[in-house]
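What the coordinates show
Read off the chains here:
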Amino acid sequence: MTVVTRFAPSPTGFLHIGGARTALFNWLYARHHGGIFRLRIEDTDRQRSTGEAIEAIIDGLKWLGLNWDDETVFQFARAPRHAEVALEMLKRGKAYYCYCTPEELEQMRAEARAAGKPMRYDGRWRDRDPKDAPPDLKPVVRLKAPTSGETIVQDKVQGEVRVANEQLDDMVLLRSDGTPTYMHSVVVDDHDMGITDVIRGDDHLTNTFRQLQIYQAMGWQPPSFAHIPLIHGPDGAKLSKRHGALGVEGYRDMGYLPEALRNYLLRLGWGHGDDEIISTEQAIQWFDLDGVGRAPSRFDFAKLDNLNGHYLRQSDDARLARNVVARLGVTVDSAIERRLIAGMAGLKARAKTLKELADNAVFYAANRPLNLDEKARAALTGNAIGILRELREALAESSSWTATSLESQARAFTEAKGIKLGQAAQPLRAALTGATTSPPIFEVMEVLGHEETLGRIDDATSATG
RNA sequence: GUCCCCAUCGUCUAGAGGCCCAGGACAUCACCCUUUCACGGUGAAGACACGGGUUCGAAUCCCGUUGGGGACGCCA
């Protein structure tokens, strides 16, 4: 049988990091088995669902490279079908009308809590004569759930999980306005969409018992389930905004690469021996549910940064240069674009994120005269100016403008003067990059070129001297 | 409150009774490389929550305790 998985977010906000991982696991599982990965938007909450959220989720999935098959299913549009199934259950005696008011239910819960019992609906309309129905009240449809025995989930991650049916109550299938509840629509949609494997956060584990009862009532074959642990913040509590609970676009804006985020998310809750750097091709080949752990994991930016740095260094220079230009919000001519590409090798080894990369690339994109930061200005005081002026004269005659030849010229110069290389290199760095840290300075000179280099030195020596 | 799930270095994890006085990665620290900062390399420190069993032998199995998390809506 072909594997069919799905990602089913509710469009009440952005695609958060936990959802992204759930989507990734579903996608990998489907791709691993040569199956189908589908997207269903659970927009039945009309108050909270928004078009922007739908767009954010779709953009987020696309950015992450998680492509889905077949057309996107919108759950709200299927409400008539959900009602149809509920009515069928009514007809079969598997469901019934309940005329309880919200106040009654609230009281029931309060009493149950006080008595130390599970907070559940007591089933007072379960076997009551419909003639008793109050004429002015619209009823909900409730599932006639089994009252004895137990419901068992065979979970691919959590193992066998069972609960006594007395713990579960008769849940609402159709609201009094005739719209379906989440619990009901999920089952109908998963069934109709031919989903074979439901992979979702383990906050749904206990919902599964109830959903299983709907499958049983309809005589449907339930899919297999895999409930993956949630992602927590660094403090072990729920992921907060400042700890990573952002939409994936937040990660994009911070300068993370989709392949890095994919790799990071994959390793959060899943392992394959000692492997850490895992390409997407490899992930598809290796991914299985056995490798998914059962304990929740904590989100760690430091590790994400490390992974991102790795993928950054692997990235194509032209791609990075384009991203840097976009981030800097500048327009550059083709000469500067070439300069950025040429300088990228030195730049990308020094950055963890695209944002950092862009910040460090400013001196390549900028036109003269350069802005010098405080430390750079400090490096251009005292005899540094004199050294720079002399070095400039030596360099002006240079016939070979490559990093290696520039370095040997500089070394010859400092040796002749009896000073350390650093005494010339640091002022040079300050003058050429406006900072005290940068890629190797002779490489910078090569990338900048003869004319620009001398010009920047002149700017620095005249402005300060 | 009731039910369910979880528990290995700070973090992510390897570990499916002897290969483990517990391995890898990130982070940390030291050293090397080096014109700066990175990258890279070498090394150090660092964990089986606790208590009982079972067994010749337990990180691995069982029970309990503690600690986390989740679910108990006419939200999804």
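Residues numbered from 1 in each chain as written. Chains lettered and ligands numbered in written order. Predicted model: local features only at pLDDT ≥ 70, side-chain atom pairs only at ≥ 80, totals over all residues. Heavy atoms only, no water.

**A look at the pattern of salt bridges**
- One pass over the structure, following the stated rule, counts 32 salt bridges.
- A salt bridge links Asp-190 to Arg-6; the shortest N-O distance between them is 2.8 Å. Highlighted residues: Asp-190 in helix H5 (residues 182-192) and Arg-6 in strand S1 (residues 4-7), separated in sequence by 184 residues.
- Owing to a relative accessible area of 1%, Asp-190 belongs among the buried residues under this scheme.
- The exposure class of Arg-6 is buried, given its relative accessible area of 6%.
- A salt bridge links Asp-459 to Arg-368; the shortest N-O distance between them is 2.8 Å. (Salt bridge = Lys/Arg side-chain N within 4 Å of Asp/Glu carboxyl O. Helix = DSSP H or I, 4+ residues; strand = E, 2+ residues; numbered from the N terminus. Buried < 20%, exposed > 50% of the residue type's maximum accessible area, 1.4 Å probe, protein only.)

**With respect to the confidence of the model for chain A**
- Summing up the model confidence of chain A, the mean pLDDT is 91 and the portion of residues at 70 or higher is 98%.
- This complex was scored by the predictor with a pTM of 0.93 and an ipTM of 0.94. (pLDDT = per-residue confidence, 0-100.)

**What to know about the sheet that holds S1**
- The three strands are arranged S1-S2-S3 in an open sheet whose pairing can be described as parallel. Strand pairing shows two members of the sheet lacking a second neighbour, S1 and strand S3 (73-74), which therefore form its edges.
- Sheet topology note: the S1/strand S2 (residues 36-41) ladder contains four bridges and is parallel. Bridge pairing in S2 links Val-4 to Ile-36. (Pairing = 2+ DSSP bridges.)

**A look at the pairing of strand S6 (residues 150-155)**
- Burial of S6 is one-sided: the residues Thr-151, Val-153 and Asp-155 facing one way are buried, the residues Glu-150, Ile-152 and Gln-154 facing the other way are not.
- Summarising the sheet, S6 and strand S7 (residues 159-164) pair through six bridges and their orientation is antiparallel. Looking across to S7, one finds that Val-153 is bridged to Val-161.
- From the end of S6 to the start of S7, which pair antiparallel, there are three residues.

**Overview of helix H4 (residues 102-114)**
- Here H4 is 13 residues long and its end C-alpha atoms lie 18 Å apart, about the 18 Å a rise of 1.5 Å per residue gives.
- Those residues of H4 that fall on the buried side of the exposure criterion are Leu-105, Met-108 and Ala-112. Seen along its axis, H4 keeps its buried residues to an arc of 55°; they face one direction. Facing away from the buried side of H4 by more than 90 degrees, the exposed set consists of Glu-103, Arg-113 and Ala-114. (Expected span 1.5 Å × (residues − 1). Arc of directions from axis to C-beta.)

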